[in-house]
Number of protein chains: 2
Amino acid sequence: MPTIKEVSELARVSQATVSRVMNGSDRVTESTRKRVMEAMKALGYRPNSAAQSLASNRSNSIGMVVSQLDGPFYGPMMAGVEDTLRQAHKHLIIAAGHGEAAAEEEAIEFLINRQVDGLILLVERLDADYLLPLNERVPTFLINHHIKGLRNQSVWIDNLNGGYQATRYLIEQGHSRIACITGQIWKQDAIDRLEGYKKAMNEAGLPIDDNWIVNSYFEVPGGIEAFDTLQARRVACTAVFATNDELAFGVMEAASEAGIVVPDDLSVIGFDDVLTATYVKPKLTTMHFPMFDMASSAARMALQWIYQKRPPAELAFQPTLVERQSVKPLTPSPSGRSDALAEQLLLSPKHPEK
Amino acid sequence: MPTIKEVSELARVSQATVSRVMNGSDRVTESTRKRVMEAMKALGYRPNSAAQSLASNRSNSIGMVVSQLDGPFYGPMMAGVEDTLRQAHKHLIIAAGHGEAAAEEEAIEFLINRQVDGLILLVERLDADYLLPLNERVPTFLINHHIKGLRNQSVWIDNLNGGYQATRYLIEQGHSRIACITGQIWKQDAIDRLEGYKKAMNEAGLPIDDNWIVNSYFEVPGGIEAFDTLQARRVACTAVFATNDELAFGVMEAASEAGIVVPDDLSVIGFDDVLTATYVKPKLTTMHFPMFDMASSAARMALQWIYQKRPPAELAFQPTLVERQSVKPLTPSPSGRSDALAEQLLLSPKHPEK
DNA sequence: CTGAAAGCGCTAACAG
DNA sequence: CTGTTAGCGCTTTCAG
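Residues numbered from 1 in each chain as written. Chains lettered and ligands numbered in written order. Predicted model: local features only at pLDDT ≥ 70, side-chain atom pairs only at ≥ 80, totals over all residues. Heavy atoms only, no water.

## Quick notes on the relation of the copies chain A and chain B
Formally: Residues below a pLDDT of 70 in either copy are left out; the C-alpha atoms of the rest, at least 70 in both, set the least-squares superposition of the copies.
With an RMSD of 0.1 Å, the operation that places chain A on chain B is a rotation of 180 degrees combined with a shift of 0.0 Å along the axis. Both copies of the chain, as the preceding transformation shows, are related through a two-fold rotation axis.

The structure is reproduced here in structure tokens:
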């Protein structure tokens, strides 16, 4: 690997000059710049980024921590950040936080040791006590995480409004017996989406019954269990707001096992609009969560602040309804069709064919 | 950020000694080691990895390039590598290659500049002319990519046998009219899986008709188009081997639109066993591709070679059949049920309800 | 077992 | 506009 020294010798200039042409900036004669460029090309020169970082205390790369490297949620987020960073010729270093505070902190320390110029975090476990001092060390941007004092470096989605819209949509479709299944109730997303549900129900003058709300966890089995819980509680709902798509898939699966047809017997709305939402049958009606855009916005904000000192400002996204096939209008019928449905849900044996 | 100097002063030793305790190895008195450790803790010392890399020409991190950061295929691969690396206290730096030769090379150069100690590549565009010299610069390991001369640093899956098994299974279930849908035919995976199909058909004495093979691309729309092509060609098949799950999803979707019921009217088998395969209805019968395991094996192999000089050896995985719900035995009936099915497939109008 | 000293490859004032 | 001169923080001989 050739070094700057060799380049400088070949080009008959000082190392400083080579450094200058590398960093584009400074005033260098066109002729010497050309000579240097040629020398670099001739040697196949590649700057050693460790040396650059060490000397400049800057690395032209930003670190990102996500809970997992797979999964339909984090993938687009990583892709969104990578995409805008690449266009800006900055690099991305990703570390997994595994959803645990210790691992998340470790990942962050790793990235800092790596001299990242900034941090984009998609974490759930870290609080202000950790994050605020961290931000003093290295500019830190948050996706989907509220920390007072870091508002301006956050990109978030309006989960409350999303929950409200989803529920409102169900109501507009004629439903009034609407159950809600939440994710881990310590997660802010879960809390906010539930809040939105309550708001919509209240606003419509519909009762909120704790029996109709089941606290589960954001995974397919969580949806299955929640559905079973609903049945066990003899909840006669005609629609359910699953606070994320995985839950919705679980509900659809369990319903199907129980001989309940979605959307004819039961309407289901999800949240997130994960890729798979279009693969299931019926295709899932859900609230679109603009993961890629949010992530790239966060990256843009970070870039502007870190490399151009343009002060960041809080950025909020709104989830938008995507109508597909899992919600059906409840058409009132003379005999009270909604009750018929309720009956069916109540009385159907669990997993009759299995 | 405290430096090694401050630690050495606090501990009243030389920097060299601090370095020694950091790197575990050398002979250091237990007492001084303790003193140093305490000093490090007291100061909250964190080694600067850029400096370490620069001085040692080693970074304790390995680089990985994948085509995309999202998607059901690359996610588990990244997770597998990250998992075993983390356990070995090595770090992972991921870069996206976007499936283009130029970007893949750029990603690799980036990682090398980053002083990665080794490379794990999940690429499709790079050939031996590039890869072999690369391996001289930094140990390079390949996932799912055959390069003569790099065999021993490769982990791959037996796609041919997978295609064979999948087709064979269909045949065992009584099917004989079996279509095959391939991915981009320049991809080795596509070629091999098709080869497996042909082998099984031949072995069973079944005819191979080019009309029954449609070259498509590994995405859901690819499956839809392929299904339409099959119909346009009036191919009267009772089963289709889709050479990856996305294709299978597309087929299922198109079939459903056409009023054809999977698996009653048409059996479908996929390949990869992507997470979503369990979400669709009916759940997809497919060949399991052990992505996570393959990736972690590749990582293990890389670690052993790079840090312990244990010579690597080619590692092959076998895909395994996962029976779910999308394949149904073809029970011969007096009136020739398979013909009835064929008729239905032939005659059904395209997307009748849409 | 420990310290001194010489860089690793690059950047960043400071002169000129 | 370009060269000189110091380091950045750590590792690594080489002595002792």
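## Considering the protein's contact with DNA strand D
How we decide: When we say a residue is near a molecule or strand, we mean one of its heavy atoms is within 4 Å of it. As used in this structure description, the phrase polar contact means that two N or O atoms lie within 3.5 Å; if the pair is within protein, one of them must be able to donate a hydrogen and the other to accept it, and residues adjacent in sequence are counted only when both atoms belong to side chains. In this text, helices come from DSSP runs of H or I with a minimum length of four residues, and strands from runs of E with a minimum of two, each type numbered from the N-terminal end.
Within the structure, DNA strand D sits among 28 residues, and Arg20(A), Thr29(A), Thr32(A), Ile4(B) and Tyr45(B) are positioned closest to it. Expressed as a percentage, the sugar and phosphate content of the atoms of DNA strand D within 4 Å of the protein is 61%. Contact distances for DNA strand D include 2.9 Å between a phosphate oxygen and a backbone N or O atom of Ser14(A). Within the side chain of Asn23(B), one N or O atom sits 3.4 Å away from a phosphate oxygen of DNA strand D. A per-element tally of the surface near DNA strand D places helix 2 (residues 15-22) of chain B first, with five residues.

## So, the interface of chain A and chain B
For the record, the criterion: In this analysis, two residues are considered to be in contact whenever any of their non-hydrogen atoms come within 4.5 Å of each other. When two parts are brought into contact, each loses some accessible area as probed by a 1.4 Å sphere; the total of that loss over both is the buried area. Salt-bridge detection follows one rule: a side-chain nitrogen of Lys or Arg within 4 Å of a carboxyl oxygen of Asp or Glu. Polar here means any residue outside two lists: the nonpolar Ala, Val, Leu, Ile, Met, Phe, Trp, Tyr, Cys and Pro, and the charged Asp, Glu, Lys and Arg; Gly therefore counts as polar.
Every contact between the two is made by 42 residues of chain A and, on the other side, 42 residues of chain B. Across the interface of chain A and chain B, roughly 3900 Å² is buried in total on both sides, 57% from carbon and sulfur atoms. Summed over the shared surface of chain A and chain B, the result is four salt bridges. The salt bridge involving Glu109(A) is made with Arg46(B); its shortest N-O contact spans 3.7 Å. Put simply, the parts of the chain that give the side of chain A that touches chain B at least two residues each are helix 4 (49-56), helix 5 (74-87), strand 2 (91-96), helix 6 (101-113) and helix 11 (245-257) of chain A. For the side of chain A that touches chain B, the leading source of residues is helix 5 of chain A, giving six residues. Across the side of chain A that touches chain B, the residue classes tally to 18 nonpolar, 13 polar and 11 charged.

## Notes on the pattern of salt bridges
Counted only if it meets this: The cut-offs for exposure are 20% and 50% of the maximum accessible area for each residue type, with area from a 1.4 Å probe on protein chains only; residues under the lower value are buried, those over the upper are exposed, and the others partly exposed.
This structure, assessed with the given rule, holds 24 salt bridges over all chains. Notably, a salt bridge pairs Arg137(A) with Glu109(A), separated by 2.6 Å at the nearest N-O pair. Of the two residues, Arg137(A) sits in helix 7 (residues 128-137) while Glu109(A) sits in helix 6, which places them 28 residues apart along the sequence. A relative accessible area of 10% means that Glu109(A) is categorised as buried. The partner of Asp189(A) in a salt bridge is Arg193(A), and the shortest N-O contact between them spans 3.9 Å. You can see Asp189(A) and its partner Arg193(A) sitting in helix 9 (residues 188-203), four residues apart, about one turn around the helix. Like Asp189(A), the residue Arg193(A) is buried in the burial classification. The network of salt bridges with common partners includes Arg46(A), Glu109(B) and Arg137(B).

## Looking at helix 3 (residues 30-43) of chain B
All names here are of chain B. Basically, it comes down to this: An expected span of 1.5 Å times one less than the residue number is assigned to each helix. Of all possible arcs, the one meant is that of the directions from the helix axis to the C-beta atoms.
Between the first and last C-alpha of helix 3 there are 20 Å, a value that for 14 residues agrees with the 20 Å anticipated at 1.5 Å per step. Those residues of helix 3 that sit buried are Thr32, Arg33, Val36, Ala39 and Met40. Buried residues along helix 3 cover an arc of 125 degrees about the axis, so they all sit on one side. Turned more than 90 degrees away from the buried face of helix 3, the exposed residues are Glu30, Lys34, Lys41 and Ala42. Contacts made by the buried residues of helix 3 are with helix 1 (4-11) and helix 2. Among the residues trailing helix 3, Gly44 stands out with phi positive, at a value near 65 degrees.

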